[in-house]
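Each chain is listed here by its residues.
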2 protein chains.
Amino acid sequence: MSRLVMKFGGTSVADLERIARVARLVQAEVAAGKQVAVVVSAMAGRTNELVAWTDGSGRAAQGLPESDDEYDTVVASGEQVTCGLLAMALRHIGVRARSWLGWQVPIITDEAHGRARIDDIPPEKLAAALDQGEVAVVAGFQGVTRDGRLTTLGRGGSDTSAVAIAAALDAACDIYTDVDGVYTTDPRIEERARRLARVSYEEMLEMASLGAKVLQTRSVELAMARRVPVRVLSSFVEPGEAGSAGTLVCDEEEIVEKRIVSGVAYSRDEAKITLYGLPDHPGVSARIFGQLAEANVNVDMIVQSHARGQDEANMEFTVGKRDAGRAREIVEKAKAEIGFDDFAVDENVAKVSVIGVGMRSHAGVANTMFKALADKQINIQVISTSEIKISVLIDAAYTELAVRALHAAYGLDRL
Amino acid sequence: MSRLVMKFGGTSVADLERIARVARLVQAEVAAGKQVAVVVSAMAGRTNELVAWTDGSGRAAQGLPESDDEYDTVVASGEQVTCGLLAMALRHIGVRARSWLGWQVPIITDEAHGRARIDDIPPEKLAAALDQGEVAVVAGFQGVTRDGRLTTLGRGGSDTSAVAIAAALDAACDIYTDVDGVYTTDPRIEERARRLARVSYEEMLEMASLGAKVLQTRSVELAMARRVPVRVLSSFVEPGEAGSAGTLVCDEEEIVEKRIVSGVAYSRDEAKITLYGLPDHPGVSARIFGQLAEANVNVDMIVQSHARGQDEANMEFTVGKRDAGRAREIVEKAKAEIGFDDFAVDENVAKVSVIGVGMRSHAGVANTMFKALADKQINIQVISTSEIKISVLIDAAYTELAVRALHAAYGLDRL
């Protein structure tokens, strides 16, 4: 009998009415002959409330490490409530079910409280429940250390829970969200955005890390590593309606119609830092990026340029907007030490990316991008590429224009 | 080193400010050289919210038994939040602490979900933490079955958790509430009510079951059985202030100044049922009370009277007000079957009781009561007595008058 993990996020279980609706979706899969495990998040808004309480109890003031175990104890209560309520709602409509908290499964994690990673999910207990025809309602986002303390996986961790449980149970994984699948780009910006029927793990991974908020990056990495087929679909679309099939995230081999570019992603969460007049001798970059790495600041795009005929260089790089303040302090300190002329921080930038596995075998993809942007007079500040994506940094004001221009240039509106 | 269990109810941990206050009270005991375990309830109001959600998810509609395990999973999250927050608040002021959920201790209960009884509390883990100088913050009201499912002890169960943990740790137990001790009667009715410095387990048990809401009956039974000294005190009175010593509930032997009567209790949660014209042959009462017992209706006071020269009897008995509807149905059905004339249900009654271990060795206690009530023209409808209490049922309108008259008659205002 085939097994299915169904995952529902906070908005899908935000109140009792929606929980009842989720119960009916689960009932339909059971009726279709599937063995079902359901992974749930906390009711929307609940986690924020719990986090605020922990901050008020001095966690923020103490700094994270000392109290993150108690943070987890408090925050993990959110999913506990939802999974108990969903188990009841299932029984209410005649579906056998019981709740499983992280420690009951157990979902064993490391001890990195607040951002734990799953080490192991012994599948025996859940599998036995499923084999007996009972729906297993599992609390997402949480786990337990080998010492028996509660952990949470960090924001978006419920997706990861679902994929990890699917891997442990050798099941497929349906992720229900408030959108009905993965789109060629953000439909709020480009109304001609199309839902992709299938997308490869690699593409989904790039999309997730480049700003598409459909799936959490770690869950996609895990799905790719364990070859779990993941379907993204909406809990608000009726089965059978347009869009109800969602998007299947799967192995590249399973995608028959290959596209050169599958999607256009964007992110406004970037800040650009420019260093002027850097002395041109070895070790300068190592020093700056070493200090940033020590402060846990991730650097994304980097470009260094030489003014002709001079022995000084300029360097530009981007960091996450929330790290901009810390990066500024580090660069300020490094200025005298290293001896560059000046620096500037620009938070008014956006990163726009095109993603597609077809790039591997097609030339001219970058050229299409540069031409499309040039046609709209959009200046490219920094470029970075990988095997299956090209990202450019531009003035944030042009974000929507760039997204629409690229969507058209690659024919994504004619899929 | 002496050990202390401190228990804080829902109003004492109702918000972050009060939790911080509780942390300071705990800190003071640690500073005084005590090993401290703290037992906490859910934030006031939170349990009601969780219970309402479980009702909305179909628990109420399904009837209790099937979903009570999930009810417990949902409701137990309330204490989980509080104990995490208190552990953080303690660390914030430099007190080493960690939270202990019921399953982590473990507090092992039977499988009667929603009203579980504690079977065992292996003290090793908690004792080891205390011996290392760490405050153990324990979630009250909850436990775990031997199969690893969450249970709750039912309303007021946090008092029972605290006493059971104190018994397991060979500790004293301080129960913090919103009153500063046990009073000779309800101060809202009689302003001359006095706080008792000490009260015996037996008296406290009668007071609790007769309507005084300071301690939950089961917790007193347990304290008496395990000889745990329990102190009732207010979390809102500053240490050193008047009333800060609270009331010690202890063995009768430890009370030097014996009183004949220690307190006057009352309850308006009664309903009186009168059956008229009962046939006077054996087995009639057994039939009615058997049916009530089967329906889980507790009968409290019973009196049967014969009209002179007739072979018919009248019978009066009391049940809890919330059981009155069910009792009415049962009596209605029994009417034809048994063949009595008629019956009446009166919810407009109150039970007023005087309690005191001194009654065992003193005569005339009842007479003082009857005289005091007669002086105020208060008619006694039913009487019941035990070794250390006398209860009378009266018209509810006279409750306050009766309480004040009895309080004065036994000289409780001159303690």
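Residues numbered from 1 in each chain as written. Chains lettered and ligands numbered in written order. Predicted model: local features only at pLDDT ≥ 70, side-chain atom pairs only at ≥ 80, totals over all residues.

This part covers the environment of T47 of chain A. Residues and elements named next belong to chain A. Within the secondary structure, T47 sits in helix α2 (residues 46-56). Taking the C-alpha atoms as reference points, T47 and A76, separated by 29 residues in sequence, lie 8.5 Å from one another. In this structure T47 touches A42, V75 and G78, once residues within four positions along its chain are discounted. (Helix = DSSP H or I, 4+ residues; strand = E, 2+ residues; numbered from the N terminus. Contact = placed C-beta atoms within 7 Å.)

The next point concerns the confidence of the model for chain A. For chain A, per-residue confidence averages 90 on the pLDDT scale, and residues scoring 70 or more make up 96% of the total. On the interface metric, ipTM, the complex scores 0.80, and its pTM is 0.83. (pLDDT = per-residue confidence, 0-100.)

Moving on: the domain arrangement of chain A. Under the domain assignment used here, chain A contains domain 1 (3-178) and domain 2 (264-414). Inter-centroid distance (C-alpha atoms) of domain 1 of chain A to domain 2 of chain A is 37 Å. (Domains from an automatic or database assignment.)

Let us now look at the nonpolar core. Core analysis: the biggest nonpolar cluster contains 250 residues, and A37, V38 and L86 of chain A together with A37, V38 and L86 of chain B have the highest contact counts within it. Three or more residues apiece are contributed to this core by two domains, here domain 1 (3-178) and domain 2 (264-414) of chain A. Discounting residues that sit within four places of it in the chain, A37 of chain A has contacts with V5, L126, L130, A136, V138, I165, L169 and A171 of chain A. (Core = buried A, V, L, I, M, F, W, Y, C linked by C-beta atoms within 7 Å. Buried ≥ 20, exposed ≤ 12 C-beta atoms within 10 Å, placed from the backbone.)

On to the sheet that holds strand β16 (residues 342-355) of chain A. Strands belonging to one sheet form pairs held by backbone hydrogen bonds; the direction of such a pair is parallel or antiparallel. All names here are of chain A. Taken together, the six strands give an open sheet; going across it, the order is β14-β15-β13-β16-β18-β17, and neighbouring strands pair in antiparallel fashion. The sheet is open, and its two borders are formed by β14 (299-306) and β17 (382-386), each paired with just one other strand. Along the sheet, successive strands turn relative to each other by an average axial angle of 30 degrees, direction set aside. The pairing of β16 with strand β18 (residues 389-395) spans seven bridges and is antiparallel. Note on β18: the bridge partner recorded for K351 is L393. (Pairing = 2+ DSSP bridges. Axes fitted to C-alpha atoms, helices over the stretch in contact; angles between N-to-C directions.)

What follows concerns the packing of helix α7 (residues 157-169) of chain B against helix α9 (residues 217-226) of chain B. All names here are of chain B. For the pair α7 and α9, interaxial distance at closest approach is 8 Å and the crossing angle is 15 degrees. Judged on the interaxial angle alone, α9 and α7 are roughly parallel. As for how α7 packs across α9, the hand of that crossing is left-handed. Of α9, the residues touching α7 (which contributes D159, T160, V163, A164 and A167) are R218, S219, L222, A223 and R226. Of the residues in the contact of α7 with α9, the class split is five nonpolar, two polar and three charged. (Parallel < 35°, antiparallel > 145°, perpendicular 65-115°, else oblique. Left-handed = near helix turned anticlockwise from the far one by under 90°. Nonpolar A, V, L, I, M, F, W, Y, C, P; charged D, E, K, R; others polar.)

We now examine the sheet that holds strand β10 (residues 198-200) of chain B. Residue and element names in this part refer to chain B. The sheet built from eight strands is open, its strands ordered β3-β6-β2-β1-β9-β11-β12-β10 with mixed pairing. Two strands in the sheet have a free side with no partner beyond their single neighbour: β3 (97-100) and β10. Adjacent strand axes in the sheet meet at a mean angle of 20 degrees when their direction is disregarded. Note that strand β1 (residues 3-8) and strand β2 (residues 35-40) share six bridges and pair parallel. Across the sheet, the residue bridging to F8 is V40, located in β2. Contacts from α7 reach β1, β2, β6 (135-139), β9 (172-177) and β11 (230-234), with the element oriented near 175 degrees to β1.

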